[in-house]
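What follows is each chain in one-letter form.
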Protein chains: 2
Amino acid sequence: MDITALEKVALSVRALSIDAIQKANSGHPGLPLGAAELGAILYGELMKHDPADPAWADRDRFILSAGHGSMFLYSLLHLAGYKDMPLEDIKNFRQIGSRAAGHPEYGMAAGIEATSGPLGQGLAMAVGFAAAETMLAARFNTAAHKIVDHYTYVLCGDGCLMEGVSAEASSFAGHHGLGKLIVYYDSNKITIDGSTDLAFTEDVAKRYESYGWQVLRGSMYDFEEIARLTAQAKAEAQKPSLIILTSIIGKGAPNKQNTADAHGAPLGTEEAAAARANLGIPGDFYVAPQAQKYFAAKQLEWKKTSENWQTLFAAWSKENPQKRTEWDKFHSGKAAPAVLPAFNSGDKIATRTAGNKALTAIATANANLTGGSADLKGPNAVGLPPEAGTWTRENRAGSYIHFGIREFAMAAICNGISLHGGLRSYCSTFMVFADYLRPALRLSALMKQPVTYVLTHDSIFVGEDGPTHQPVEHLAALRVIPNVRVLRPGDAEETAEAWAMAMEYTAGPSALALSRQNITVFPKADPDWKNTIRTGAYIVKQAEGGNPDAVIIATGSEVGLALEAAAKVTDKKIRIVSMISKELFESQPAAIRDAIVPPDARVIVCEAGVRNGWERWAKPEDILSIDRFGESGPADKAAEHLGMTVDALVKIVG
Amino acid sequence: MDITALEKVALSVRALSIDAIQKANSGHPGLPLGAAELGAILYGELMKHDPADPAWADRDRFILSAGHGSMFLYSLLHLAGYKDMPLEDIKNFRQIGSRAAGHPEYGMAAGIEATSGPLGQGLAMAVGFAAAETMLAARFNTAAHKIVDHYTYVLCGDGCLMEGVSAEASSFAGHHGLGKLIVYYDSNKITIDGSTDLAFTEDVAKRYESYGWQVLRGSMYDFEEIARLTAQAKAEAQKPSLIILTSIIGKGAPNKQNTADAHGAPLGTEEAAAARANLGIPGDFYVAPQAQKYFAAKQLEWKKTSENWQTLFAAWSKENPQKRTEWDKFHSGKAAPAVLPAFNSGDKIATRTAGNKALTAIATANANLTGGSADLKGPNAVGLPPEAGTWTRENRAGSYIHFGIREFAMAAICNGISLHGGLRSYCSTFMVFADYLRPALRLSALMKQPVTYVLTHDSIFVGEDGPTHQPVEHLAALRVIPNVRVLRPGDAEETAEAWAMAMEYTAGPSALALSRQNITVFPKADPDWKNTIRTGAYIVKQAEGGNPDAVIIATGSEVGLALEAAAKVTDKKIRIVSMISKELFESQPAAIRDAIVPPDARVIVCEAGVRNGWERWAKPEDILSIDRFGESGPADKAAEHLGMTVDALVKIVG
């Protein structure tokens, strides 16, 4: 280990960070200046990676959970030779079009493994990465060839550790013994408000021990110690490790270091100059020649490592052709078509139950589908076929995950699994608790990760559990998040297609809204409905004898309600449209939309939730909705109490 | 302590719970059967309360954080003699109109201190109750008279402790040394999925010690022990206490106890009969005569206690008339009017900054306003006047709270403070992180608590921090929650009124959406705008010379953008409406709406967020919105990139 070179790398991280933030007049110098040494040794010595092959499946992953310190990551990617992070992008830090965005954005540059910034979630996603590694290792490694064998490294700060999601994820990681997860805690005792003494005096080490982690301590500024502690972390295969590194925020800025002023604002011309002088930085966007030389020499070493792996992989492929085929399937990025379950008109079945049949079929065709529920395996109906097994310490090849009552971490972990590559993930809870995991769902959407969210008990038809468990605003609230495909199937047949549509959609997450209550499978007027539904809507019932007097748009369990209402209306010609995905349908060309909902038709909307968003389609008085919290009572009584009935719809039809 | 009587109380809790759940054919017997002994001793011996005066300000509070076990609470309220919980309601458990709703609903019956059910939040709210107690005690108690001196008791289960929000809140409680918070952990090692060994094997005791709590252990079924442990908890004034009580879920149901089957479904006719036989329950909805007698005797004792307090309170009032006046003001449920800050047209000031001036004025007039930020005191601009002080261990009379980076717990704690009585609470974070606290905001709304949420950095005009920090869907997502008053003021003057409107609104929480960027204060066409704005909208600029060709509805910073656009349009008469609260305006009678937005007018909408919900007002092509995630860059550049510009609006006007 060339300590002098590493010092120069750290110096270069500081130099680039000071200047990029200063030039942008925006950014967070505190972390990159405070933790530069860790970055140097991680990217230079500890991590297995190859900047020339950043997508290498068996690379170690690094997640900057404290995403505001993005210049830490960008500097290191640049110095280490990642092509996606040229100096030009760093010089355009935080400008439109620069890959060096305000916070690390997944997809903008190779080497950014996850979008981070919303605190705590990087750590929680890292737990997903580490879980994914165990799954792939268990399935693909052989006694002769260990093709999956990498670590997940995380850098987090006080903020990440205060957030509840990191508590949930860390407890989960400890329970599951994720030994290849190594978290460095940049302990600088400073947050935006000032000293952590203001609000955060818990014993973090003890807390992590309570989760079943190995906890180690050292200094941020001792390379030998970091190397030793990391080796110790690696040696502990049964426990994740937290390495607490005492550090100084903004280290090197002589007047601002160790104060909250260093955290989230540029140093300012004067202090930047003072820092440069203090550190001995001779020029703008300075990269020390020794650092350059050091990383230049590393390229060869890294190339050798990744080539060795390619050789290993080739040998493994030769000896295990079936596994190789499976591997390619896992990494294709496409779900294999499944033999979806069939249902018959008249069957009475809850869409959550139908969903389980579809999930089972899809999981059978796609062994790389993994996921579970936040302690609602039965109620959510999201069990996998028995051969998929349960993922435990003892059975890393299992696919079903017991997340515990930790919705937020569950979703973040699913993001991590999805980002890792090789696996598709799903998670589930009651729809009302989509609120608990919403920040992670937003990241699924922002990172365009095809995580499937199974949200059951999707309306006031939950019944007795009452308003705390009855979603009313959740469909509307999910629909407003960009890139999310919200799917609310009307019966069991639609549910099977909904699951297939979720698997087909890879530009973001899907949210399946499924019923607790039984729903009768209805006949579909459109003979091609299984194709048409992929526009987001199709015609369930045609108006008999010509142009409809009214088109009823309904979703989910309200399609059945609309059918019942239409049967009671004898003096009007009514078309019924099941709109399984409002946003998807609204994104169709006018010609397609108009064929299903004629532009001049009177439109009535029926959905057991708030009306917001439906005003595009119908006048306020033509919307049957629930614009208040629910009520505890048997489902039919609650529906009656809240006016979500066949009669109410008939009355609107008039 | 009459152990035999307590046993009969516990028996009666079990009897009532079995039958109510059985009759409703819905509910969770596991907890009430498993923890009946704790309930008996709490309501019979440990708690200071008076069922005849359930609103008594100095009563101890009990929060059933594991709200699914609602029959535990209802049984005890009934047995203890709370008038609001007659047997009739229990017999109508989980039916429409019954005060014994599926989960405890605040407001349905005295004795229900909080709505619980969404796991973890009960405990977090309890932290708020305990914090409120210290604040009121510090302000009102004198050496001679301790009129505020009560405990907050919580019953929680495994689920509550797995949720991140309890981790956040518990760390906060430990940091702040809330010695009068006593949490009983019903440790039955069973969750819905089965054994806690599936997902939850952390060392809870050690974890709570790491937070700075006192941790005690005992058996759920030893009254003497529970009494002793509770005394020990009370004796520790500097630390909250976690009392871990080992228990058996569904205790008494011979075949289902100690299994997940006992958790969340009625026992079933057979098992209910077996349980009755096993426990010796002779009849339906059985209340043991000894239990009845025990509580009948208690009434007198309780009456004496509460009367003693009344005497104490009267003496205190006499000696401290000023304090008494202040006390009445605190408990009036109404905010005092404040001298709001004045601004001048042309002033350039961020609405967050204007908000701080308004907050300062309101806090000066209302000393019972307490709150703070999740470590963003400066960025959110929510500091209080210096004389308000900071709430710390050393200064319990302080009003500003450092919540730490714990958004969800912050909001839940504010709910607890508000529910406690005597105080108004506010909390703040970046608007994008409203997602982190959304489940607590939903409870504010459901419980109709006037918590003020200050959400700054309210659009893509945040700029460089990029899409993780730029809300686009959040205004829409907040507006869909029933009872929430979303207020997005257009300039500093509107901001002052918005804060006043938030204080006036007591039927739910308010969410203030405030800008990071400076905004120019604009002149208002409506001379009575300070009144009109209370309809949710008013006319900022009249169309010159007659009926408008178009009405532009804008909110927040986009009002200024609309004014600039209108100035560029010379060939059309344009009215500009600032719609500070869309839902409020939409709830107005048609006559009021029509006066501001004529029903036949062409309406154009401009808001820097997703369009969902605005289609009620304008055609899709007449809405200038941002229907995608944001982009990292300087605010003006980001806005240009995303098409949120004056020119784009001019183009729509045509």
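One can find the structure itself at the top, above this paragraph.
Residues numbered from 1 in each chain as written. Chains lettered and ligands numbered in written order. Predicted model: local features only at pLDDT ≥ 70, side-chain atom pairs only at ≥ 80, totals over all residues. Heavy atoms only, no water.

Caption draft 1: Inspection of the packing of aromatic side chains at higher detail. Scanning the model with the defined rule gives 50 aromatic pairs over all chains in all. For the ring pair Trp309(A) and Phe313(A), a centre distance of 4.8 Å and an interplane angle of 15 degrees mean the geometry is stacked. Of this pair, Trp309(A) and Phe313(A) both sit in helix α12 (residues 289-319), separated by 4 residues, roughly a single helical turn. Feature note: the residues Trp56(A), Phe140(A), Trp309(A), Phe313(A), Trp316(A), Trp327(A) and Phe330(A) constitute an aromatic cluster, connected by ring pairs. One Lys or Arg, Lys251(A), reaches over the ring of Tyr221(A) and ends 4.6 Å from the middle of that ring. When the ring centre of Tyr151(B) is taken as origin, the NZ or CZ atom of Lys234(B), which lies over that ring, is 4.8 Å away. (Phe/Tyr/Trp six-rings, centres within 6.5 Å; stacked < 30°, edge-to-face > 60°. Helix = DSSP H or I, 4+ residues; strand = E, 2+ residues; numbered from the N terminus. Lys NZ or Arg CZ within 6 Å of the ring centre and 35° of its normal.)

Caption draft 2: Summary view of the interface of chain B and chain A. The interface is formed by 95 residues belonging to chain B together with 96 residues belonging to chain A. Interface area, chain B with chain A, both sides summed: about 7600 Å², of which 58% is carbon and sulfur. At the boundary of chain B and chain A, one finds 8 salt bridges. One salt bridge in this structure joins Glu209(A) and Lys206(B), with 3.2 Å as the shortest N-O distance. Between chain B and chain A we count 50 residue pairs in polar contact (both at pLDDT 80 or more) in total. Those elements that place two or more of their residues in the side of chain B that touches chain A are α7 (158-162), α8 (164-175), α9 (204-210), α15 (377-380), α16 (407-420), α17 (434-446), α18 (474-479) and α24 (635-641) of chain B. Ranked by the residues each element gives to the side of chain B that touches chain A, the list is headed by α17(B), at 8 residues. For the side of chain B that touches chain A, a count of residues per class yields 38 nonpolar, 30 polar and 27 charged. (Contact = heavy atoms within 4.5 Å. Buried area = accessible area lost by both parts, 1.4 Å probe. Salt bridge = Lys/Arg side-chain N within 4 Å of Asp/Glu carboxyl O. Polar contact = N/O pair within 3.5 Å; in protein donor to acceptor, adjacent residues only side chain to side chain. Nonpolar A, V, L, I, M, F, W, Y, C, P; charged D, E, K, R; others polar.)

Caption draft 3: Representation of the relation of the copies chain B and chain A within the structure. Of the transformation superimposing chain B on chain A, the axial component is 0.0 Å and the angular component is 180 degrees, with the fit at an RMSD of 0.0 Å. The superposition operator between the copies reduces to a two-fold rotation axis. If distances are taken from each C-alpha of chain B to the rotation axis, the shortest is found for Gly164(B), at 1.9 Å. Take the interface residues of chain B: 100% of them recur as interface residues in chain A, which is what a same-surface contact looks like. (Least-squares fit on C-alpha atoms with pLDDT ≥ 70 in both.)

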